[in-house]
Amino acid sequence: MPHPSRDPERPVDGRAVPRFAGSGSFARVPEIDRVSDYDVAVLGVPFDAGTSYRPGARFGPMAVRQASRHLRPEYHVELDISPFTALQVVDAGDVPVTPYSIDTALGQITDHARDVAHGGRRVLAIGGDHTIALPMLRAAVAEHGPVALVHFDAHLDTWDTYFHAPTTHGTVFRRAFEESLLVEDHSIHVGIRGPVYDRADLDADKRLGFRTIRAGDIDLLGTAGVIQAVTERVDDLPVYLSIDIDVLDPAFAPGTGTPEAGGLTSRELLRVLRGLTGLNIVGGDVVEVAPAYDHAEITSIAAATVLFDMMTLMARRTGATR
């Protein structure tokens, strides 16, 4: 992976320009055209034509960027690192994506993400609904090879079709498996609790080689047990980290397309993420933020914090391997 030859350009300092003013990029990092090279790019993917219940996640990228103004990103207390001194992070703007054709949109997202990831760079996407994970996986695998998927969600997203449509936010990881994007028997779902249409849905998911940690399992395993299970499952493989914000209980993420009762708290999710310091994360996404159903930026703030943690995990890994 390329590394910038000079000190990274950092986010705008909130002590110089108030956080409610100035740049509208994620965490006020520089836009992609302001630096000569970068390690990680944040890419907005405002597409939600694959959603099956509440629409509106197309407005997620702008809402998460706005909420990210709340961050103080210079130093991550729990992970004990200044991530933007280890990585040059840029905001690559949004994919110009059609809202009318899923197939056309997937091609546009794949091509755009591959351009941003070219040269071994890593891309973190802000969705959009979970359909965007498929083209983002294609782009990541083109640069880094097949990946282990670490998937936080209320739902499995491994159905075959929905209303005869093969590519929706509920089918993306079956398609990813069929396209050999995933390393077999090294992927894991965390936080699953949503209803299924038939027990066969669970059997089909197992045949695809996923391990599942249901939301209720966390009561028994604890966050330490979840961290251990994820770490052992992926080993040192390249990891794609996909986080549907509906893994959180609706009390902590009301602004999402398919909320399900009985989810994780924000603290549980962040505790697990911050324990995954050994993961070799080569790409990822935070999806399904639908701000029309949100209140006081509760969901958007959670998503922005999760995305910042993902960057910081990358920085920890980069610092350990340089």
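This report concerns the structure included in the present document. (Residues numbered from 1 in each chain as written. Predicted model: local features only at pLDDT ≥ 70, side-chain atom pairs only at ≥ 80, totals over all residues. Heavy atoms only, no water.)

**Some details on the side chain of D201**
Here comes step 1: Note on placement: D201 falls in helix α6 (residues 199–207).
Here comes step 2: Buried and without a salt bridge, D201 has R174 as its closest oppositely charged side chain, separated by 6.4 Å.
Here comes step 3: One polar contact links the side chain of D201 to the main-chain amide nitrogen of Y197, over a distance of 2.9 Å.
Here comes step 4: Filtering out sequence-adjacent residues up to four positions away, D201 remains in contact with L156, W159 and V196. (Helix = DSSP H or I, 4+ residues; strand = E, 2+ residues; numbered from the N terminus. Buried < 20%, exposed > 50% of the residue type's maximum accessible area, 1.4 Å probe, protein only. Lys, Arg positive; Asp, Glu negative; His and termini not counted. Salt bridge = Lys/Arg side-chain N within 4 Å of Asp/Glu carboxyl O. Polar contact = N/O pair within 3.5 Å; in protein donor to acceptor, adjacent residues only side chain to side chain. Contact = heavy atoms within 4.5 Å.)

**Describing helix α1 (residues 60–67)**
Here comes step 1: By the criterion of burial, α1 is predominantly enclosed, with 6 of the 8 residues buried.
Here comes step 2: All of the buried residues along α1 are G60, P61, A63, V64, R65 and A67.

**Here we look at the packing of helix α3 (residues 102–117) against helix α4 (residues 133–144)**
How two helices pack is summed up by the angle between their axes together with the distance between the axes.
Here comes step 1: Orientation of α3 relative to α4, taken along the N-to-C sense of each, is 35°, at an axis distance of 8 Å. Between α3 and α4 lies a crossing of right-handed hand. Residues L106, I109, T110, A113, R114 and A117 of α3 pack against L134, P135, M136, R138, A139, A142 and E143 of α4.
Here comes step 2: Considering only residue class, the contact of α3 with α4 consists of 9 nonpolar, 1 polar and 3 charged. (Axes fitted to C-alpha atoms, helices over the stretch in contact; angles between N-to-C directions. Left-handed = near helix turned anticlockwise from the far one by under 90°. Nonpolar A, V, L, I, M, F, W, Y, C, P; charged D, E, K, R; others polar.)

**Considerations on the sheet that holds strand β5 (residues 187–192)**
Consider a sheet: its strands pair through backbone hydrogen bonds, and that pairing is either parallel or antiparallel.
Here comes step 1: Read from one edge to the other, the open sheet built from 8 strands follows the order β2-β1-β3-β8-β7-β4-β5-β6, with strand pairing classed as parallel. Two strands lie at the open edges of the sheet, namely β2 (89–94) and β6 (210–214), each paired on one side alone. For this sheet, the mean angle separating the axes of adjacent strands, direction not counted, is 15°.
Here comes step 2: Where strand β7 (residues 238–244) and strand β8 (residues 280–287) come together, 7 bridges link them in parallel fashion. Residue pairing across strands places V239 opposite I281, the latter belonging to β8. (Pairing = 2+ DSSP bridges.)

**Examining the pattern of salt bridges**
Here comes step 1: In the structure shown here, the tally under the stated rule is 13 salt bridges.
Here comes step 2: R10 serves as the salt-bridge partner of E74, at 2.7 Å between the closest nitrogen and oxygen. Taken together, the residues E74 in the loop between α1 and α2 (83–86) and R10 in the segment before β1 (40–45) connect sequence positions 64 residues apart.
Here comes step 3: Looking at R10, the relative accessible area reads 43%, which means it is partly exposed.
Here comes step 4: Salt bridges here are not isolated pairs; linked through shared partners, they connect E9, E31 and R34.

**A look at the pairing of β5**
Here comes step 1: The element β5 is largely enclosed, with a buried count of 6 among its 6 residues.
Here comes step 2: Pairing geometry for strand β4 (residues 148–152) and β5, over 3 bridges, is parallel. Following the sheet pairing, H151 is matched in β5 by H189.
Here comes step 3: Chirality of the crossover, the property in question, places the unit of β4, helix α5 (residues 172–178) and β5 among those that are right-handed.
Here comes step 4: As judged from the 5 bridges shared by β5 and β6, these two strands associate in the parallel manner. For I188, the partnering residue across the bridge sits in β6 and is R211.
Here comes step 5: Each parallel crossover has a hand, and the one from β5 via α6 to β6 is right-handed. (Right-handed = clockwise from strand over helix to strand, strands pointing away.)

Any functional reading would require information that these geometric values do not contain.
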